[in-house]
Every structure is written in C-alpha cells, then in structure tokens.
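Analysis of the macromolecular model
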Amino acid sequence: MDQLNNDPAVHGILVQLPLPGHLNEDLIINSIAPEKDVDGFHISNVGLLGTGQKSMVPCTPLGCLMMLRDHHGSISGMNAVVIGRSNIVGKPMAQLLLNDSATVTIAHSRTKDLPGVVKQADIVVAAVGRPEMVPGDWIKEGATVIDVGINRIDAPEKGEGKTRLVGDVHFESAAKVAGAITPVPGGVGPMTIACLLANTVTACCRANGLEEPEGLTA
Ligand SMILES: NC(=O)c1ccc[n+]([C@@H]2O[C@H](COP(=O)([O-])OP(=O)(O)OC[C@H]3O[C@@H](n4cnc5c(N)ncnc54)[C@H](OP(=O)(O)O)[C@@H]3O)[C@@H](O)[C@H]2O)c1
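Just so you know, these numbers come straight off a predicted model, no measurement behind them. Each residue is numbered by its place in its chain's sequence as written, counting from 1. Selection of residues for local features in this predicted model requires a pLDDT of at least 70, selection of side-chain atom pairs for listing and counting requires 80 or more, and totals for whole chains, interfaces and linings are taken over all residues. Excluded from the side-chain calculations are hydrogens and water; all other atoms, namely the structure's heavy atoms, are used.

What follows is about unusual backbone geometry. The omega torsion of the bond from Leu17 to Pro18 falls at 0 degrees, within 30 degrees of zero and hence cis. Strands here mean DSSP runs of E at least two residues long; helices mean DSSP runs of H or I at least four residues long; both are numbered from the N terminus. Structurally, the position occupied by Pro18 is in the loop between α1 (2–6) and α2 (25–29). Omega for the peptide link from Val184 to Pro185 comes to 0 degrees, which places this bond in the cis form. By secondary structure assignment, the location of Pro185 is in the loop between β7 (180–181) and α8 (188–207). Look at Asp113: it is not a glycine, yet its phi comes out positive at around 50 degrees. As for its placement among the helices and strands, Asp113 is situated in the loop between β2 (103–107) and α6 (114–119).

Here we take up the nonpolar core. Residues enter a nonpolar core if they are buried and are Ala, Val, Leu, Ile, Met, Phe, Trp, Tyr or Cys, with the set joined through side-chain atoms within 4.5 Å. Only protein chains enter the area calculation, which uses a 1.4 Å probe; residues under 20% of their type maximum are buried, those over 50% are exposed, and those in between are partly exposed. With 24 residues, the main nonpolar core has Ile75, Met93, Leu97, Ile123, Val125, Ile146 and Val148 as its most contacted residues. Those elements that place two or more of their residues in this core are α4 (59–72), β1 (79–83), α5 (90–99), β3 (123–126) and α8. Ranked by the residues each element gives to this core, the list is headed by α4, at five residues. Not counting chain neighbours up to four residues away, the residues in contact with Val148 comprise Thr60, Cys64, Val89, Val125, Ala126, Ala127 and Val188. Ranked by size, the runner-up nonpolar core spans 17 residues in total, among them Val81, Leu114, Ala126 and Ile139. Contacts were defined at the residue level, with two residues in contact if any of their heavy atoms lie within 4.5 Å.

What follows is the structure, encoded as structure tokens:
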C-alpha cells in the first residue's frame, strides 16, 4: 500500500470488498492515503463528510445524490427515508441528504412500522439487500424512489436454472405511484461506476492543484 500511496502516478486506490476473513478490513482501508481513497471509506473521509468538509464521497450514495439533485434541483426541506444503515450506503447516504438540508430518517431491521415510516417520505432510498421488499403501497403518491438493491433471484420463466436481477423495491407496483423511480439494473449501478471515475478525476485534480470540474462531487 505504501508504494501506491507514494506513487504520484497513482491517483485513486480501491480495495475490492469483502476481503477474506483473515484480513482486517478496517486496517487495510485506513492504510490508504485519504486523498487517494476513491471509495471514501477511510475514517478521515467519513469524519470529513460527517462534519460537512471537503472529502472523498462514497460512490453509490454520491451517484444517488447526483440523480436527486438533477431531478429536483434542491432537496432542501424534503422528507427523506433511507432504508439501511450500512457504512458503505445507508449512513453516507443519510449524511449527504442531511448536508443538502433534507429531513432525514434512517430505517433498519429494528424500525417499527416501516411501511408507515416510508409512507411519509418524499424521497425513499432503499439499500437493504432483500428482493422487492418495498411494495408500491408503502410509497407516497409522487415520491422519488432510489433503488440501490441488487438481488439475483430465480427466473424459471426464462428457462431452467436462469436468474434475473431485481432491486429492493417492487418496481411494477412502485412505478404506478412514484413520481420518479430508478430501475434495477440500469439505475444506481451505472451511476456508482461513473462516480468512481469522477472521484478519481477529483483526486487527480486535488493532487495537482488543478480546478475541479463542476458537479463531480457533493
Ligand atoms: N447499485 C450499487 O452500486 C450498489 C452498491 C452497494 C450496494 N448495493 C446493494 O445495496 C443493497 C444494500 O447493500 P449494503 O451493503 O448497504 O447491505 P448491508 O450491509 O447488508 O445492509 C443492509 C441494511 O438493511 C437493513 N435491513 C435488513 N433487513 C431489513 C428489513 N427487513 N427491514 C429494514 N431494514 C432491513 C439492515 O439493518 P440492520 O443494520 O438492522 O441489520 C442493514 O442496515 C444490497 O442489495 C447491495 O447489493 C448496490
């Protein structure tokens, strides 16, 4: 890691997770130079994001934020419900929404009356990892739904042993009530990859004292 951290020709470092069990994930992530941490998982970047300072922002939540800003312009004052509290999606997503002045609720497996909580939301971000868990009748009329989930399920209709990808939201029923909804596949996934490249450009600009292109980060 030291070799990559010290190499000026390397602008971004990403550790593909999950790691094998005998390796200490935190130790390895925190050995990346924070300014090259294009996943935004280093404890320094988590702290900077949490205090509203310039940081490297985790790619998946950054992509979700970009779509929300693009669609709404401002999300200030909107009620946002994030379902899921993981360090890589749920928590940074909530932080970004809060930094943009949304009123944020984080729901998780112990949340009481999840359908009722989701029904209050102008913005729903589902990051659970349970296929089609959120049905359309949980969604408020006109709400914006961002489906982060990627779940592979059996698809016998496509032939024996075939599978297909679905999100955490039941797309057909939710699309009938939502004002806008991201599909799976083809929604958050491609934005995540684009944001990884955006973060790498940001890291390169910062390392070389160049002006950062507008709109690439939070
Ligand atoms: N599109 C992309 O680029 C991208 C990137 C990253 C992840 N993903 C996908 O996003 C999903 C979530 O990923 P993750 O890494 O955040 O997953 P994770 O670490 O497993 O976290 C899942 C979260 O969902 C909550 N949860 C589980 N069951 C629930 C229930 N019945 N009701 C309410 N909350 C519940 C958990 O609550 P507790 O904390 O209480 O257990 C946990 O906070 C997965 O499908 C993953 O594949 C997609």
